[in-house]
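Here is how the chains run, residue by residue.
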Amino acid sequence: MHTAAARAPVPRQLPPVPPHIVSRDADLAALDGLRAAGQPLIVVNGPAGVGKTTLVARWLRTLAEEFPDGQLYADLRGHSSADGAERATQGEVLGQFLRALGAGAIPADPGEQAALWRSATAGRRIAVLLDNAFTAAQIRPLLPGGPNALVAVTSRRMLSGLRMDGADFHRLEALGTADAVELLRRGIGADRVAREPAAAHRIATLCAGLPLAVCLAAARLAARPRQPVQALADALTPDAARLTALEVEGEATVAKALDASYAVLSEEAARLYRTLGALPLRAFGSRAAAAACAETLPWAERGLDELVEANLVEDIGPDRCRFHDLVRVHAEARALADDGEQTREDALRRVCEWYLETATAAQIRLTPAQFVLERTPLHPSPGLPLPFTDDLGALGWLDEERPRLMSAVRAAADRGWLAICWQLVDAMWPLFLRLRHYGLWIEAHEIGVAAARGDGNARAERQMLNSGAIGLSAAGRLDTAVEWYEASRRAARDAGDERDEGQALLGLGACHREAGRMDRARPYLERAIAVWEKCGYPRGAALARIVLGEIALTEDDPERAAAFFGRARATMVAVSAPHDEARALAFLGRARSRAGERASGTAQLEQALSVFTASGAVHWQARTLEMLGESALDGGDESAAREYRARALARYETTSPADAQRLRETAG
């Protein structure tokens with residue numbers, strides 16, 4: 001059961017609807033009819049550029065009151081590449097959706113992700129727009145649970161396989177000539193169309209009734225108010241020698257309009273258009289655009305404004321733009337035709353290094369006690385301001401930019417920029433530690449280990465192994481985590497690096513404790529403490545004492561556990577590690593409650609909970625609430641215990657399905 005805290009409405013994420021779009025009343029009525037018939041899954045298909053996303057987003061906005069728990073949107077990027085390599089993955093979309101519902105850590109296993117999604121949506125009244133789908137198989141794992149949700153899918157393909165899932169279908173056709181002329185009139189003014197009606201009708205015909213093409217034509221004319229409408233009609237006349245028809249319906253028509261729009265861009269905006277088209281980014285902000293072009297932030301903002309005005313990029317939120325996928329194909333083609341390979345390579349390198357610099361700034365702010373490996377950018381960004389000013393902003397930026405950070409990691413690996421690759425993975429540590437995107441955590445470190453090894457940097461390889469093993473362990477892949485820790489320990493001993501050896505020993509002890517092998521865990525932890533105290537790393541020794549304290553609690557020795565936790569907390573205070581201090585404090589409170597000091601123990605647990613609440617550490621909120629419930633039960637207060645467990649369960653449901661199930665079984 002979801003509590004009130006877990007049922008807060010999610011943000012409405014639908015893309016904006018252009019104000020000048022034509023009504024499409026008949027299509028909206030058809031969708032209303034399907035909805036009235038009780039259809040929970042509706043597929044809108046049609047050719048590229050016909051306006052499917054705009055229509056469905058507009059329709060769903062009219063249903064906002066019917067879905068008070070929110071409306072979610074995901075671009076599945078079904079036609080982004082010929083081989084589908086860059087289509088949105090199930091984990092990417094479900095991670096986005098679950099975090100919108102308040103999730104912290106997302107399970108790494110696809111089956112667990114889908115189960116958590118169905119559970120989290122079982123009682124919710126939400127609408128979901130799955131845009132630009134390619135196959136029915138893409139859709140099925142994304143269908144919410146329960147009878148109160150509506151899913152709308154857009155695709156260039158029929159997706160008839162979804163009939164077995166109860167889908168109904170609506171085909172969106174191109175605009176008729178009259179509607180296309182009306183759309184053009186709204187973009188350039190009635191007077192201009194009235195002066196040259198034949199030319200306006202000719203443009204509508206040449207645009208084949210595709211709203212995207214008409215809007216591009218209108219933007220081009222609006223940018224040149226003294227140009228005759230007939231001049232654009234002439235420019236759009238088919239020219240087989242200049243334009244190549246692509247395979248997907250509608251693309252040739254859009255290409256004509258794009259060529260005309262591109263031809264009248266300023267030199268700066270045209271350069272920005274080509275540069276962004278050559279980058280492996282589905283969305284981009286002004287800072288990334290500035291970095292790619294080695295220009296200032298105001299320069300990039302002016303260029304993006306011009307591209308938005310020309311309908312060449314879509315404004316999808318605060319400082320966030322994207323290409324329609326057909327426009328991106330055109331922009332990339334212009335880059336290939338007009339810019340040299342080195343120019344494109346330098347732009348990508350600058351973007352990767354800007355992400356590295358910015359993520360490193362977030363890492364230093366969020367985890368100051370974490371050792372930061374070297375950074376070696378070749379092209380420092382030109383004085384770009386950071387996109388955050390505080391801890392919450394830094395963590396929010398890392399989470400929002402997560403797909404683009406991973407695109408940068410993959411791009412660096414593909415091009416052999418090995419140092420940049422593993423440095424990016426290292427800089428993303430706070431994202432993994434705080435928000436626990438397990439699939440991303442593991443993938444990034446698999447790439448990072450290979451990059452560090454290829455770079456011949458043994459220290460970086462050990463760091464990648466240790467950090468990656470933490471993610472493997474957290475995701476429940478304990479045997480693989482042990483293998484990574486053992487490899488790191490051997491390498492650290494060979495290098496004489498006691499600090500790294502201690503990290504591997506701690507990890508091995510924690511893995512064995514998690515697996516229930518306490519006798520095997522304890523020697524590793526004691527050895528880690530000895531190694532770290534010898535080399536002067538007190539925070540590491542404190543981390544090992546926390547795990548030893550957990551073992552003592554498991555063995556029903558709260559006095560010994562409290563001694564471990566108390567000493568660990570004192571060390572964390574001394575080294576200014578507030579997150580780990582709060583962890584030690586929560587465990588200390590539980591140990592004292594177990595030892596009979598319930599009032600002081602509960603107070604310490606509540607104090608730790610306030611720290612985790614302020615920092616957004618949802619998983620540790622759940623852990624602390626569960627311990628508060630156990631302490632209340634120890635004192636015979638069953639009512640308070642039930643309340644604490646309910647609050648813990650609400651958080652576990654969005655961070656750890658295994659813990660949620662365990663808590664249900666324990667409570668039952």
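A. Fine view of the sheet that holds strand E4 (residues 150-155). Strand order in the open sheet formed by five strands is E2-E3-E4-E1-E5, and the pairing between neighbours is parallel. If you trace the sheet from one side to the other, it starts and ends with strand E2 (71-75) and strand E5 (168-171), each paired once. Recorded for the sheet is a direction-independent mean angle of 15° between the axes of neighbouring strands. Strand direction decides the pairing type here: strand E1 (residues 41-45) and E5, joined by four bridges, are parallel. Residue asparagine 45 lies in a different strand from E5, and its bridge partner there is arginine 171. This element, helix H2 (residues 52-62), spans E1, E2, strand E3 (127-133) and E4 of the sheet and lies at about 165° to E4.

B. Quick look at a negative patch on the surface. On the surface, Glu301, Asp305, Glu309 and Asp315 cluster together into a negatively charged patch. Among the elements that make up the negative patch, the one with the highest residue count is helix H14 (residues 297-309) (three residues). Residue position: aspartate 305 is located in helix H14.

C. Focus on the nonpolar core. Judged by nonpolar contacts, the single largest core of 186 residues is most densely connected at Leu60, Ile203, Leu265, Tyr273 and Leu312. Ranked by residues supplied to this core, first place goes to helix H26 (residues 538-554) with 10 residues. With residues up to four places along the chain from it excluded, the contact list for leucine 265 reads Ala270, Tyr273, Glu306, Leu307, Ala310 and Leu312. Within the second largest apolar cluster, 33 residues are counted, among which are Ala136, Leu143, Leu162 and Phe169.

D. How the structure looks around the sheet that holds strand E8 (residues 320-322). Reading across the sheet, the three strands line up as E6-E8-E7 and stay open at both edges, with antiparallel pairing between neighbours. Bordering the open sheet on either side are strand E6 (283-284) and strand E7 (314-317), each of which pairs with just one other strand. Bridge count between E6 and E8: two bridges; the pairing is antiparallel. In the strand pairing of E8, alanine 283 is matched with arginine 322.

E. Looking closely at helix H18 (residues 402-414). The terminal C-alpha atoms of H18, which comprises 13 residues, lie 18 Å apart, in line with the 18 Å expected from a rise of 1.5 Å per residue. Of all the positions in H18, only Arg402, Arg404, Leu405, Met406, Ser407, Ala408, Val409, Ala411 and Ala412 are classed as buried. A positive phi of about 80° marks glycine 416, the residue just after H18.

About the thresholds
- Residues numbered from 1 in each chain as written.
- Predicted model: local features only at pLDDT ≥ 70, side-chain atom pairs only at ≥ 80, totals over all residues.
- Heavy atoms only, no water.
- Pairing = 2+ DSSP bridges.
- Helix = DSSP H or I, 4+ residues; strand = E, 2+ residues; numbered from the N terminus.
- Axes fitted to C-alpha atoms, helices over the stretch in contact; angles between N-to-C directions.
- Contact = heavy atoms within 4.5 Å.
- Patch = residues over 30% accessible without salt bridge, like charges linked within 9 Å, V, L, I, M, F, W, Y side chains within 5 Å.
- Areas by Shrake-Rupley, 256 points an atom, 1.4 Å probe, with all protein chains shown as cover.
- Salt bridge = Lys/Arg side-chain N within 4 Å of Asp/Glu carboxyl O.
- Lys, Arg positive; Asp, Glu negative; His and termini not counted.
- Charge placed at Lys NZ, Arg CZ, Asp CG, Glu CD.
- Core = buried A, V, L, I, M, F, W, Y, C linked by side-chain atoms within 4.5 Å.
- Buried < 20%, exposed > 50% of the residue type's maximum accessible area, 1.4 Å probe, protein only.
- Expected span 1.5 Å × (residues − 1).

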